[in-house]
Amino acid sequence: MNRRLSFRGGFHVEEFKNTRKSKIQRMPAPERLSIPTLQHIGAPCLPKVKAGDIVDYGQCIGDVNAGLGCPIHSGVSGKVVSIDEKINVFGAKTKHIVIENDFEDRMSQEITPFTKSLADTNLEEIIDIVRKAGISGMGGATFPTYAKINSAVGKVNTLIINGAECEPYITADHRLLLEHPEKVINGTKILLKALGLRQGFIAVEDNKLDAINKLEDLLAGSELIKVKIMKTKYPQGDERQLIYAITGTELPAGKLPADVGCVVFNAETCAAIFNAFIDGTPLIERVVTVDGDCIKTPKNVMVTIGTSYRELIDFCGGLKKRPYKVITGGPMMGTAIWDIDAPITKGTSALLVFSSNYADLYSDTAACIRCGRCVEGCPMHLMPAYLASFAQNRDFDICAEFDVMSCVECGLCAYNCPARVPIVQNIRTAKAALNEKHRKEAEKKIAEEHKYISEGKKAENGNDKQQ
Amino acid sequence: MINNNKPDNIDAISADNNDGIKSDAGKTENNTGENVMKTTESVPAENTERFTDNLLLTVSPSPHIKSADSTRIIMLDVLIALTPALIWAVYIYGWRALTLTVISVVSCVLFELWYQLIMRKPVTIGDLSAAVTGLLIALNLPVTASLWIPVLGALFAIVLVKQLYGGIGKNIVNPALAARIFIFSSWTKEISVIPEPFTHWSASAVSVDAVSAATPLALLKDGIMPEVSLFDLLIGNCPGVIGEISALLLMAGGIYLLVRRVITWHIPVAYIGSVAIVTYLLPRHALSLQFMLYQILSGGLILGAVFMATDYATSPITARGKLIYGVGCGLITVLIRYFGGYSEGVSFAIMIMNLLVWYLDRFTKPVRFGGTAKNGK
């Protein structure tokens, strides 16, 4: 078998891939969907429907033309009950379109398969379809996919499909690659066509050898798409580490992958692109790994976007222990949520429910013993121990000197810390303080410029009057 | 001061765990199935095992999981790694070696407890770091040392060197090494009697009267090959302080620490390697290879390189820093052994390098991912 690709730093964290053998189960659409108008990075959608409207399965219910819009669609046929403003799990006020399912499964007229062959397709058509299908990155960052394709065209020479899935617990991409490898492969082909490239790589960690074998069987002898086997190591799925492992190029801080000729798409995003072509289905459902010590039967579930966390948990047999923390995303970088009725969105790759066994992981009074494990593991080659202690002393300038802004908050340092220092949280404090400082400095500069300009104008006016 | 309320605690946003769920009778759905059966007879079946309406969840920043490693486990590993050498010392010198060790460990732990109690600091003796210091102090004593000596050493190490600088991780020099130097310079005569192997001392021998053996290092300093064979030095059939006699068992302990990821290879290899290279290239005897091996196997070099120089608080945390630190220790050790007033140079060498740790870290800061040496900012 091929050489395992990797990067310097990182650590093999305990995998907890309990659901690796659980087939993706489709969860029937619930009675009610609550679809947020903002599920991606960019401008929120403007609702195209109003309360009382009848909508069909797959119908576009919101879109916006301004800055990085990404349309949203209804995953059921039914009636729009209301459009509420709610605070989403990340703390931002967002409109949610609430649709009551009438269980008639009327297909929207908008869903039409793409009939041309890929060879006759051009870039504009592909971007149009991807945009119309409302596809945004499904690994968690949720950058609109059409915008990523657009920005990459002509600049990149390497396409990487990210199936590394380095976060513990999550097996959604693993199951997808195993059960529907053709979707990912065909999605990759569409992306290659769009980008005008002759070769793409699907990167998979070597803890998913079954999926790798399947892909290699299907791709035997293919020059177009190659499987790259990655060493199982966190955070292998970070696009910087992935690009480094495959091309040997380090992505400089503040640069986009396209600047070094690379573009990375998540595996499930590829499958969504394929679905948009073959059936015309927009992004209205996704695979979510449901796990954690409170879940009765951990599963991989195909969920309609807009289903609430509560309903998804019930679908997995409910809880067996008192929940302490509910996390959307992986345990290393995911977000703890407070609202169990919040909806599953395009970026939700996992739902983890942990009991109080996962309480008090870190301690503010803990003393760093300088063991150096954080330095050894840091994928960005920083010195987390020093950063954390400088940040704790509120010495943010020296944090900047020690490259605190390069931290990607992967969480490995805090995970490995034997002294239970909340390293990442201290670093976040420093980053926030420095960002605030830069913002104020920039504002001050702008204010000064304005003052200068207005004073200049006054002076000019004065001159005019004199004349 | 103590801060038990933890106002900045990252979990502080959460409600108290116990209040997390309103436990109305019949709605304790989050218990196990059995409990639900007992308490929810009047509730519709579909309603069981769902979240209650007033569920309060904890919100805290990622990461949400943690490795099982802890400071205590690391310190326990160090204790385990030193045990074979201690057992060997008891075999060579009798039970008095153990008596000294117990006194030293107990005094270190008690001094730490005492200091933390009177200063009203959180008590941290459970992290076992004081026990490690205690063990290292004892291992640096000759078996003939008076029983009060480790007590004074412990006081010096724990209170003066460690706690007054802020406790674990904050001390500038290695407490056990500082204590060793303190003891050796204060009671030079009491401490210089190093008896021949297999001169046994009972556990309770209070005062000891022994004939000192010539240590190999004292002979090597004058360019004389010691009579003891290299093999005896390796297995530990030679005179020395309690912990340094068996190079082999110390190396085994070092390998255990490497396997357990407690230490990395950088410091021991750089330290012993640089001593080896310098003594081989610039020997004080015609048989340079033999001279080099004697230099490595005698005295406290292995103990120092594996267990003292690798002390976390007083060694660099970058890989390059560790290498420079190790080489620095090695060069200073040879300098002292060749030209210094002592035949042994390990303690002073490590202590001098301890003082440079911050600068070593500062100037060996790794180049961040995606940054080149040029635009290192």
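What counts, and at which threshold
- Residues numbered from 1 in each chain as written.
- Chains lettered and ligands numbered in written order.
- Predicted model: local features only at pLDDT ≥ 70, side-chain atom pairs only at ≥ 80, totals over all residues.
- Helix = DSSP H or I, 4+ residues; strand = E, 2+ residues; numbered from the N terminus.
- Rg over C-alpha atoms; globule rule 2.2 N^0.38 Å.
- Buried ≥ 20, exposed ≤ 12 C-beta atoms within 10 Å, placed from the backbone.
- Contact = placed C-beta atoms within 7 Å.
- Nonpolar A, V, L, I, M, F, W, Y, C, P; charged D, E, K, R; others polar.
- Pairing = 2+ DSSP bridges.
- Axes fitted to C-alpha atoms, helices over the stretch in contact; angles between N-to-C directions.
- Domains from an automatic or database assignment.
- Left-handed = near helix turned anticlockwise from the far one by under 90°.
- Core = buried A, V, L, I, M, F, W, Y, C linked by C-beta atoms within 7 Å.
- Parallel < 35°, antiparallel > 145°, perpendicular 65-115°, else oblique.

Caption draft 1: Up close: the overall build of chain A. Broken down by element type, chain A carries 13 helices and 17 strands. In terms of C-alpha radius of gyration, chain A reaches 24 Å, essentially the compact-globule figure of 23 Å for 467 residues. Structurally, chain A occupies a C-alpha span of about 75 × 70 × 50 Å along its principal axes. For chain A, buried positions account for 54% of its 467 residues. Looking at chain A alone, contacts between residues at least 24 apart form 73% of all its contacts between residues at least 6 apart.

Caption draft 2: Summary view of the overall build of chain B. In terms of regular secondary structure, chain B is built from 16 helices and zero strands. Across the 377 residues of chain B, 48% fall into the buried class. In chain B, the share of contacts with a sequence separation of at least 24, taken over all contacts with a separation of at least 6, comes to 71%.

Caption draft 3: Quick peek at the interface of chain A and chain B. Listed as interface residues are 61 residues of chain A and, on the opposing side, 46 residues of chain B. For the side of chain A that touches chain B, the secondary structure elements donating two or more residues are α8 (309-315), β15 (325-328), β16 (335-337), α12 (412-416) and α13 (423-466) of chain A. By residue class, the composition of the side of chain A that touches chain B is 38 nonpolar, ten polar and 13 charged.

Caption draft 4: Structural view of the sheet that holds strand β1 (residues 24-26) of chain A. All names here are of chain A. The strand order across the open sheet built from six strands is β1-β14-β13-β17-β15-β16, with neighbouring strands paired in mixed fashion. The open sheet has two edge strands, β1 and β16, and neither has a second partner. Strand-to-strand twist of the sheet, defined as the mean angle between neighbouring strand axes without regard to direction, takes the value 30°. For strand β13 (residues 285-291) and strand β14 (residues 299-304), the ladder comprises six bridges, and the chain directions are antiparallel. Considered in β14, the bridge of E285 is made with T304. Here helix α3 (residues 172-179) sits on the sheet and contacts β1, β13, β14 and β17 (350-354); the angle it forms with β13, its principal contact strand, is near 125°.

Caption draft 5: Here's a closer look at the domain arrangement of chain A. Examined at the domain level, chain A breaks down into domain 1 (1-28 + 113-281), domain 2 (31-111), domain 3 (285-358) and domain 4 (365-467). In this structure, domain 2 of chain A and domain 4 of chain A have C-alpha centres spaced 37 Å apart.

Caption draft 6: Examining helix α4 (residues 129-139) of chain B more closely. All names here are of chain B. Taking burial as the measure, the eleven residues of α4 include eleven buried ones, the bulk of the element. Every buried residue belonging to α4 is among S129, A130, A131, V132, T133, G134, L135, L136, I137, A138 and L139, and all of these are buried. Summarising the contacts, the buried residues of α4 are in contact with α2 (71-93), α3 (96-118), α5 (149-162), α6 (175-186) and α13 (301-308).

Caption draft 7: View of the packing of α4(B) against α6(B). Residues and elements named next belong to chain B. Relative orientation of the contacting elements α4 and α6 amounts to 35°, with a least axis distance of 8 Å. Classified by chirality, the crossing of α6 by α4 is right-handed. Residues T133, L136 and I137 of α4 lie in contact with α6, whose contacting residues are P175, A176, A179 and R180. Looking at the contact of α4 with α6 residue by residue, the class counts come to five nonpolar, one polar and one charged.

Caption draft 8: Structural view of the pairing of strand β8 (residues 93-101) of chain A. Residue and element names in this part refer to chain A. One ladder, built from five bridges, connects strand β2 (residues 32-36) with β8; its direction is antiparallel. Opposite R32, over in β8, you have E100 as the bridge partner. Counted along the chain from strand β7 (residues 78-87) to the antiparallel partner β8, the turn is five residues long, and its residue G91 has a positive phi close to 95°.

Caption draft 9: Expanded view of the nonpolar core. Formed by 236 residues in total, the largest nonpolar core has its most connected members in I273(A), V288(A), L312(A), L387(A), L139(B), A157(B) and I242(B). Broken down by element, the residue count for this core peaks at eleven residues, all from α2(B). In contact with I242(B), not counting residues within four places along its chain, are A89(B), Y93(B), A97(B), L100(B), A138(B), L139(B), L141(B) and V143(B).

Caption draft 10: Just the sheet that holds strand β6 (residues 72-73) of chain A, in detail. All names here are of chain A. Taking strand neighbours across the sheet as the criterion, the three strands line up as β3-β5-β6 in an open arrangement whose pairing is antiparallel. What marks the edges here is a single partner per strand, and that holds for β3 (46-47) and β6. Sheet topology places β3 next to strand β5 (residues 60-63); two bridges connect them, and they run antiparallel. Within β5, the residue paired with L46 across the bridge is D63.

Caption draft 11: Region of the structure containing α13(B). Where burial is concerned, most of α13(B) is hidden: eight out of the eight residues are buried. Here α13(B) has its buried residues at L301(B), I302(B), L303(B), G304(B), A305(B), V306(B), F307(B) and M308(B).

Caption draft 12: Highlighting the environment of M353(B). Residues and elements named next belong to chain B. Note that M353 resides in helix α15 (residues 346-354). With 139 residues separating them in the primary sequence, M353 and A214 have C-alpha atoms 29 Å apart. In this view, M353 contacts Y325, G328 and C329; residues no more than four positions away in its chain are not counted.

Caption draft 13: A look at the packing of helix α10 (residues 247-259) of chain B against α13(B). Residues and elements named next belong to chain B. Axis separation between α10 and α13 bottoms out at 9 Å; the angle between their running directions is 10°. As judged from the angle between their axes, α10 and α13 are roughly parallel. Note that α10 runs across α13; the crossing there is left-handed. Every residue of α13 that contacts α10 at A247, L250, M251, G253 and G254 is listed here: I302, L303 and V306. When the residues that make up the contact of α10 with α13 are grouped by side-chain class, the tally is six nonpolar, two polar and no charged.

Caption draft 14: Fine view of unusual backbone geometry. Residue P235(A) is reached from Y234(A) by a cis peptide bond, and omega for that bond is -10°. A cis amide bond links S62(B) with the next residue in sequence, P63(B), at an omega value of -5°. Here P63(B) is to be found in the loop between α1 (33-39) and α2. One non-glycine residue, F16(A), lies in positive phi territory at about 50°. When you line up the elements, F16(A) lands in the segment before β1. On the basis of neighbour count, F16(A) is assigned to the buried category, with 20 C-beta atoms found within 10 Å. Positive phi is not limited to glycine here, since D105(A) has a value of about 50°.

Caption draft 15: How the structure looks around the pairing of strand β10 (residues 200-205) of chain A. Residue and element names in this part refer to chain A. When you tally the buried positions in β10, you get six out of six residues, the bulk of the element. Across the two faces of β10 the burial is the same, with G200, I202 and V204 and F201, A203 and E205 all buried. As paired elements, strand β9 (residues 158-163) and β10 share five bridges and run parallel to each other. In the sheet register, L159 faces β10, and the bridge partner there is G200. By the bridge criterion, six bridges tie β10 to strand β11 (residues 225-230) in an arrangement that is parallel. Paired with F201 across the bridge in β11 is K226.

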